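Structural characterization, general
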Amino acid sequence: MQRVERMLSALGKTLSDVTVYTEAEAPDLVRELQDWPPAEDLPGVPVQHRRPLIFTQQKIGAKAEDDLRVSSCDADSLRRDLAYVLGYIDPVQNYHGYDGDQARNMVCWPTHDFGTMTGCSHGCFYCGTGLRGKYLALGMNVAEITERVIGPTIEASSEQRCFRMIGWGADIISLEPEYGVFAAFLSKLAEYEERYGYFHSNSDNVDWIADVPHRDRLIGIWSLASEGMARQVEPGAPSAAARIEAMRKLNVMGVPFRVKLKPVVPLVGWQEDYAALIEQVLSRTRPETIGFCCLIWMPLEVLQERFAGLIDPEFMRAAEASADEMRDQTHSPFPYAMRAEMYRFLIAEVRKHDPHIPVFISTETREMWKELEPEIGQRATSFLCGCNPVQPPGPRLHTTEGVSGSTYFDPAVQ
Ligand code: SF4
């Protein structure tokens, strides 16, 4: 309740502004949530910032499908919403296992990630939760999750040095310091030698970091868009300039951070926009690394619907021409050659301003890694990137027996 009150106070509200629901009333609440967004405008406030906050208790070790209230709910979307509202929000998930990445043809690193909430206020067009989400469901039993899940997971994962506090479809630092997740997370990490925690954000809300205990255990990861992209497809997120200013503040605080231009959406004029962005980042701040990932995970039809009239015509033509080849591929909708061209452009822009900073491509295919290795200047099997589990500040790689390399394998040896 103290956590709830802190967050309400930051919003200029009190407990009397909160509607209290019981678990029995949760289905009614979920039906009510479907009426979002509100009909009337609030001038100066992006509609995404008006998503209701649902304060709940994250469940530990219980599955939504075993809860009759959830499993007997008829509509798919209502079932998922009801599960979240009742607190079925996974506190830990595993991503990018070696087998899974091999099957999906992705190059990344295996990791356990933590999460305390679901939903976001940024409304990015490339993110299903961001675009269509109707609320933020926040686990309030942070101390319990920290003790019963985060600590034991760190202890059981000696192969992993760095852990993301990322989930899910969320931007947790946009709710700090009142939410208090990072205070708890960093304190827990500080109980162990050489363990670090990532925030993963496209927010600019970093002033709280100056006062958070154990900030020496924190590493920032920015998901950074060009100015044009931030304006056009991230309606509730701060400008690129504001995010770059936040990075500069982290430099002043001595907190390391890394930059991911992810996703890079090839909007009309993207080259000039991204060239300007890279120049701004590298002239104003000192990230540890900088990397790229083209917009992926998106069927062509969704691209056409969400980004109508916004995409560079050459990229759109290429996506349409390769629709059959790219259908159901993880890296759809833009074909390989167009993505490679994009990465070459971005790497060259970085090198104009910094000949040494490590660059990387994120969650790309093994073929892309193999082809671009010379330009990237790192080995696909083991590379410095943004949020990998074995990359403490420095940046340096501290690989372990369990995570001895990336999920790359040579495409010639299939
Ligand atoms: S930055 Fe590295 S670890 Fe993070 S998603 Fe990209 S490839 Fe994976």
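The preceding data block contains the structure.
Bear in mind the structure is a predicted one, so any value in this text is a computation, not a measurement.

1. Some points on the overall build of the chain
From N to C terminus, the chain includes 16 helices and 11 strands. The C-alpha atoms of the chain give 21 Å as radius of gyration, which agrees with the globular expectation for 414 residues (22 Å, within 12%). Counting only C-alpha atoms and orienting by the principal axes, one finds that the chain spans roughly 60 × 50 × 45 Å. Split into buried and exposed, the 414 residues of the chain put 45% on the buried side. Pairs at least 24 apart in sequence give 72% of the contacts found in the chain among residues at least 6 apart.

2. Considerations on the site of the ligand
Around the ligand lies a shell formed by C108, W109, K260, G291, S362, T363, C385, G386, C387 and N388. Each residue belonging to the shell around the ligand can be placed in one class, and the counts come to four nonpolar, five polar and one charged.

3. Quick notes on the environment of S174
Along the chain, the position of S174 falls in the loop between β6 (162-167) and α8 (181-189). Taking C-alpha positions, S174 is 29 Å from V107, a pair spaced 67 residues apart along the chain. Excluding residues that lie within four positions of it along the chain, S174 makes contacts with S121, S201, S203 and N205.

4. Considerations on the nonpolar core
Judged by nonpolar contacts, the single largest core of 111 residues is most densely connected at M165, I172, V264 and I361. When neighbours within four sequence positions are excluded, I172 is seen to be in contact with T116, M117, M165, Y179, V181 and F199.

5. Side note on the packing of helix α15 (residues 336-353) against helix α16 (residues 366-376)
Where α15 meets α16, the axes come as close as 11 Å, and the angle between the chain directions of the two elements is 20°. Overall, the two elements α15 and α16 adopt an arrangement that is roughly parallel. The hand of the α15/α16 crossing is right-handed. Residues Y336, R339, A340, Y343, R344 and I347 of α15 form the contact with α16, whose participating residues are E367, M368, E371, L372, E375 and I376. The residue makeup of the contact of α15 with α16, split by class, is seven nonpolar, no polar and five charged.

6. What about helix α13 (residues 313-321)?
All of the buried residues along α13 are F315, M316, A318 and A319. Projected down its long axis, α13 carries its buried residues within an arc of 160°, all on one side. Seen from the buried face of α13, the exposed residues on the opposite side, beyond 90 degrees, are P313, E314, R317 and A321. For α13, the elements touching its buried residues are α12 (300-306) and α15.

Definitions and limits used
- Residues numbered from 1 in each chain as written.
- Predicted model: local features only at pLDDT ≥ 70, side-chain atom pairs only at ≥ 80, totals over all residues.
- Helix = DSSP H or I, 4+ residues; strand = E, 2+ residues; numbered from the N terminus.
- Rg over C-alpha atoms; globule rule 2.2 N^0.38 Å.
- Buried ≥ 20, exposed ≤ 12 C-beta atoms within 10 Å, placed from the backbone.
- Contact = placed C-beta atoms within 7 Å.
- Near = placed C-beta within 6 Å.
- Nonpolar A, V, L, I, M, F, W, Y, C, P; charged D, E, K, R; others polar.
- Core = buried A, V, L, I, M, F, W, Y, C linked by C-beta atoms within 7 Å.
- Axes fitted to C-alpha atoms, helices over the stretch in contact; angles between N-to-C directions.
- Parallel < 35°, antiparallel > 145°, perpendicular 65-115°, else oblique.
- Left-handed = near helix turned anticlockwise from the far one by under 90°.
- Arc of directions from axis to C-beta.

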